[in-house]
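# Overview (structure and organization)
Here is what each chain is made of, one letter per residue.
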Amino acid sequence: MRIEADDLTRSEVLDLLQEHLANMYELSPPEQVFALDVSKLRAPDITFWTVWEKDVLLGCGALKELSATHGEIKSMRTPRALRRRGAGRAVLAHIVAEASRRGYETLSLETGSHPAFLPAQTLYRSFGFTYSGPFGSYRENPHSVFMSLRLAASAP
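Residues numbered from 1 in each chain as written. Predicted model: local features only at pLDDT ≥ 70, side-chain atom pairs only at ≥ 80, totals over all residues. Heavy atoms only, no water.

### So, the sheet that holds strand β2 (residues 46-53)
- Strand order in the open sheet made by the 7 strands is β1-β2-β3-β4-β5-β7-β6, with mixed pairing throughout. With partners counted over all chains shown, the strands left at the sheet margins are β1 (2-5) and β6 (130-132), one partner each. Strand-to-strand, the axes of this sheet are offset by a mean angle of 30 degrees, without reference to chain direction.
- As paired strands, β2 and strand β3 (residues 56-67) are joined by 8 bridges and run antiparallel to one another. Its bridge partner being in β3, I46 is matched across the sheet by K64.
- The strands touched by helix α1 (residues 11-27) are β2, β3 and β4 (70-77); relative to β4, the strand with the most contacts, the crossing angle is about 95 degrees.
- Across the sheet, helix α3 (residues 87-101) touches β1, β2, β3, β4, β5 (106-112) and β7 (144-150), and the angle it forms with β3 is around 25 degrees. (Pairing = 2+ DSSP bridges. Helix = DSSP H or I, 4+ residues; strand = E, 2+ residues; numbered from the N terminus. Axes fitted to C-alpha atoms, helices over the stretch in contact; angles between N-to-C directions. Contact = heavy atoms within 4.5 Å.)

Right, here's the structure in full:
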């Protein structure tokens, strides 16, 4: 399994992100979907990674810089047909390590409250994320769950 920075141009990646967005709109009201489309994932404050096994895309995840000390996890996804292979855990570990390397003190995320999001919440909790309130421009709503992790930043 390899993790690489991605430029969001490969068809497999675009298909996975389309699956991600479609699923988010299936599970949450449109005004409560905070998943980013490809154009927003290409923003300079976002780093996007993909997880591969040979030439098979197993997942993706992104890190958005909110401030010099705060990052946000975005676009964590594994394809429906390829789950339970460890790609989500691998990319999350990569993102947490990168956030720490950057000197972030806090890493936050927003996920859904629908029961379909419970496996993701369990994964985040296994890394030490705890339930928290909204951060950044998010507002409390019944369709979102907010989680944060305090980081011990490593020296650059």
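Read on, since the account is not over.
### A short note on the packing of aromatic side chains
- Going through the model one piece at a time under the given rule, you end up with 5 aromatic pairs.
- Chaining the aromatic ring pairs together yields one cluster made of F34, F135, Y138 and F146. (Phe/Tyr/Trp six-rings, centres within 6.5 Å; stacked < 30°, edge-to-face > 60°.)

### Let's talk about α1
- With 17 residues, α1 ought to run about 24 Å at 1.5 Å a step, and its terminal C-alpha atoms sit 24 Å apart, in line with that.
- Within the span of α1, buried status applies to V13, L16, L17, H20, L21, N23 and M24. On an axial view of α1, the arc spanned by its buried residues comes to 165 degrees, and they lie on one face. With respect to the buried face of α1, the exposed residues turned more than 90 degrees away are D15, Q18 and E26. (Expected span 1.5 Å × (residues − 1). Buried < 20%, exposed > 50% of the residue type's maximum accessible area, 1.4 Å probe, protein only. Arc of directions from axis to C-beta.)

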